[in-house]
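One letter stands for each residue in the lines below.
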Amino acid sequence: MKIKLYGGTQEIGGSCIEVDTEYCKIALDYGIKIDEEIKRQLPTDFDAVVISHAHLDHSGSLLNLTKQKPVIIGSKMTREVTMDLLLDMIKIQTLKKKIYSHDYQDVEIIRRNWSSRNSVALPGMEINLYSAGHVAGAKMTHVKSEGKHILYTGDFCVHSSEILDGCDITKLPKKPDALITESTYGGKIREDRTKLVDKFFEKIRSTIERKGNILIPTFAFHRSQEMAKRIDQAMKKGRIPLYKVYTISPLAKRITGYFNENKDYFRKEIQQQEKPFKYKHVKHLFRTTQIREPAIVICTSGFGHAGASLHLLAEWASNQNDSVIITSGYLPPNSPLTHAKEDRVFNYKENTIDVKAEVEQIELSGHADQKELIQLVESVKPKKTILVHGNLDQAQMLSDKISKITEVFIPERNESITI
Ligand SMILES: [Zn+2]
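Quick caveat, the model's predicted, so the values are computed rather than measured.

Asks: Please clarify how helix α6 (residues 250-261) should be interpreted in this entry.
Replies: Residues separated by three or four positions in an α-helix point in the same direction, a consequence of the helix having 3.6 residues per turn. Between its first and last C-alpha, α6 extends 17 Å over 12 residues, near the 16 Å set by a 1.5 Å rise per residue. Taken together, the buried positions of α6 are occupied by Leu251, Ala252, Ile255, Thr256, Tyr258, Phe259 and Asn260. The inward-facing, buried residues of α6 abut α2 (76-95) and α5 (223-236).

Asks: Would you mind going over unusual backbone geometry with me for this structure?
Replies: Excluding glycine, residues mostly carry a negative phi; peptide bonds, for their part, are mostly trans. The residue after glutamate 293, namely proline 294, is reached through a cis peptide bond having omega -5°. Cis rather than trans, the peptide bond between threonine 300 and serine 301 has omega equal to 0°. With respect to the helices, strands and loops of the structure, serine 301 is situated in the loop between β15 (295-299) and α8 (307-316). Unusually for a residue other than glycine, glutamine 10 sits at a positive phi of about 55°. Relative to the assigned elements, glutamine 10 resides in the loop between β1 (2-7) and β2 (16-20). Here glutamate 146, not a glycine, exhibits a phi torsion of approximately 50°, which is positive.

Asks: Help me understand the side chain of histidine 367, please; the structure alone is not making it clear to me.
Replies: Locating histidine 367 in the fold gives a position in the loop between β19 (358-361) and α10 (370-380). For histidine 367, the contacting residues outside a window of four places in its chain are His134, Asp155, Phe156, Cys157, His159, Glu182, Thr184, Tyr185, Arg190, Glu372 and His389.

Asks: Explanation requested: the state of the cysteines in the structure shown.
Replies: Each disulfide is one covalent bond, formed between the sulfur atoms of two cysteines. Applying the stated criterion across every chain, the model contains zero disulfides. The cysteine cysteine 157 is free of any disulfide, with cysteine 167 supplying the nearest cysteine sulfur at 8.2 Å. Judged by relative accessible area, cysteine 157 falls into the buried class, the value being 5%.

Asks: What is the right way to read α5 from this model?
Replies: If you check α5, its first and last C-alpha atoms are 20 Å apart, about what 14 residues at 1.5 Å a residue would give, namely 20 Å. When you tally the buried positions in α5, you get 12 out of 14 residues, the bulk of the element. Every buried residue of α5 is listed here: Arg223, Ser224, Gln225, Glu226, Met227, Ala228, Lys229, Arg230, Ile231, Asp232, Ala234 and Met235. Looking one or two residues beyond α5, the residue adopting positive phi is glycine 238, at roughly 75°.

The rules behind the values
- Residues numbered from 1 in each chain as written.
- Predicted model: local features only at pLDDT ≥ 70, side-chain atom pairs only at ≥ 80, totals over all residues.
- Heavy atoms only, no water.
- Helix = DSSP H or I, 4+ residues; strand = E, 2+ residues; numbered from the N terminus.
- Expected span 1.5 Å × (residues − 1).
- Buried < 20%, exposed > 50% of the residue type's maximum accessible area, 1.4 Å probe, protein only.
- Contact = heavy atoms within 4.5 Å.
- Disulfide = S-S within 2.5 Å.

The values reported here are purely geometric and, on their own, carry no functional implication.
Right under this line is the structure:
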């Protein structure tokens, strides 16, 4: 069995791992890397492609497979959300008038070739999926072939959030010949989650006291619903004062509808509620002009590089009463949001904006931290461990911690490893 890594090596973005055996060849994830989607060419001659979850850095190149039509494997939630995200991507490319060779029919082809079963048999190969935490519908992939077996984590976390259970690592197959794991936080131990949530609410309370606006840039899928639910519940329980709260993203609204109809992906207490994502204190808007200030606004893009979040950042950043709360752990180096946080100044259209608002990062992330990653390795006991989806420094710090338990590889792009 040969493994070749086409992306997500010593970096985050563009995850794609080839598993080649005598009888069949598959890909684990088929993602894009922002700004590289046009020039990067992934191979297309796969018998099957497993999509771990619906984030575009794991699924965003799927439209390149409409000629070969391999079987696409992933949960039903991953299928539905990926279809929405691919349609959205076509819409954005069309608006930008970029040359983009895909249309809505291509998305349909991908949907028709999708298998949402948790166990799939291919020639000489068996594939089984396990819940990964991270986002609704995210799966780990276990591949058995030629008397060997490997486990790929995709993105995962062990801790639970308000709406989703974490990955139960005790249920995973033991002693794989290779474990391929993400290493986003390979070198980082996060503060206790309840403390982070306390800090988050404290920031909201203090901004409300000075009647400021609060911008929360968030991804349309999962993080937006999780954030709206977190704030809605806190207001119901009197943990934070009542204030106007809005979400702005047609895509997030569509996904919220899908979440309400597919409650079985979520925690027990969420399943017991009739419409868990129908909020009492959070209102959906279509555009920023509908906002009645002061308000809390949850909107896309999560990286603050486009859409309503960029627009509101430009509008509110120069006001010292306002706050921006970043909950994502990763920010692209050149995003205006990154400049607002680190340099306290950023460019928007023709203007240079000096930041007076508070910009704070409170990482309510869905990724395993170093403690959880070590827990996984100790529990699964792999012969080899291949670290992907993490910057080199993070992967190296994790490698130092686990190299006594397992043989560690930190491959480069296009490197092959024989199992
Ligand atoms: Zn992800």
